[in-house]
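Summary of structural features
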Amino acid sequence: VQLQAFGGGLVQAGGFLRLSCAASGSILSTNVVAWYRQAPGKQRELVAKITSEGSINYADSVKGRFTISRDNAKNTVYLQMNSLKPEDTAVYYCKPVAMDYWGKGTQVTVSS
């Protein structure tokens, strides 16, 4: 399985980034997929989750700022992150919820 998050970078507070999640096969288009993040010294946490039918859940800390979406035809899941805050700094990962394999994350750094 190949699974990787893309699109991270360094941005100022108040800025935005769009993360993409790509994988081999159709694992992203046929499963519940989530974005997670892990900040230095903290546990990994769920950021957003989307079902194959498009039902969505967000962590309270990102509601109103982040938007998860999916393009099943492209087998890709996205995370649009607006109004970024320094506390959003973390390595972001994506994966099907039922999968144990984490793949490669992408670093997001928000400067104050």
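Refer to the structure presented above.
The paragraphs below set out a description of the structure included in this document. Remember, it's a predicted structure, so these values are computed and weren't measured experimentally.

Glancing now at the sheet that holds strand β10 (residues 106–111). Two modes of strand pairing occur in sheets, parallel and antiparallel, and in both the strands are linked by backbone hydrogen bonds. Ordered by their spatial adjacency, six strands build an open sheet running β2-β10-β9-β4-β5-β6, and the pairing between neighbours is mixed. The strands lining the two open edges of the sheet, one partner per strand, are β2 (9–12) and β6 (56–58). Mean inter-strand twist for the sheet, computed between neighbouring axes without regard to direction, equals 25°. Strand direction decides the pairing type here: strand β4 (residues 33–38) and strand β5 (residues 45–50), joined by five bridges, are antiparallel. The partner of Trp35 across the bridge, within β5, is Ala48.

The next thing to look at is the pattern of salt bridges. One pass over the structure, following the stated rule, counts four salt bridges. Across the pair Lys63 and Asp60 runs a salt bridge whose closest N-O atoms are separated by 3.1 Å. For Asp60, a relative accessible area of 64% translates into the label exposed. Between Asp88 and Arg65 there is a salt bridge, and its shortest N-O distance comes to 2.7 Å. Taken as a pair, Asp88 in the loop between β8 (76–81) and β9 (90–96) and Arg65 in the loop between β6 and β7 (66–71) lie far apart in primary sequence, 23 residues in all. On the accessibility criterion, Arg65 (9% relative accessible area) is buried. Where salt bridges share partners, they join Arg37, Glu45, Arg65 and Asp88 into one cluster.

Strand order in the open sheet formed by four strands is β1-β3-β8-β7, with antiparallel pairing between adjacent strands. Among the strands making up the open sheet, the edge pair consists of β1 (3–6) and β7. Strand after strand, the sheet turns through a mean of 15° between neighbouring axes, direction not considered. Here β7 pairs with β8 via six bridges, running antiparallel. Pairing of Arg70 across the sheet is with Val77, part of β8.

Scanning the model with the defined rule gives one disulfide in all. Here Cys21 connects covalently by a disulfide to Cys94, the sulfurs 1.9 Å from one another. Between Cys21 and Cys94, the S-S dihedral sits near 85°, and the bridge is therefore right-handed. Remark: Cys94 occurs in strand β9 and Cys21 occurs in strand β3 (residues 17–23); sequence separation between them is 73 residues. Each of the two residues, Cys21 as well as Cys94, counts as buried.

Cut-offs applied
- Residues numbered from 1 in each chain as written.
- Predicted model: local features only at pLDDT ≥ 70, side-chain atom pairs only at ≥ 80, totals over all residues.
- Heavy atoms only, no water.
- Pairing = 2+ DSSP bridges.
- Helix = DSSP H or I, 4+ residues; strand = E, 2+ residues; numbered from the N terminus.
- Axes fitted to C-alpha atoms, helices over the stretch in contact; angles between N-to-C directions.
- Salt bridge = Lys/Arg side-chain N within 4 Å of Asp/Glu carboxyl O.
- Buried < 20%, exposed > 50% of the residue type's maximum accessible area, 1.4 Å probe, protein only.
- Disulfide = S-S within 2.5 Å.

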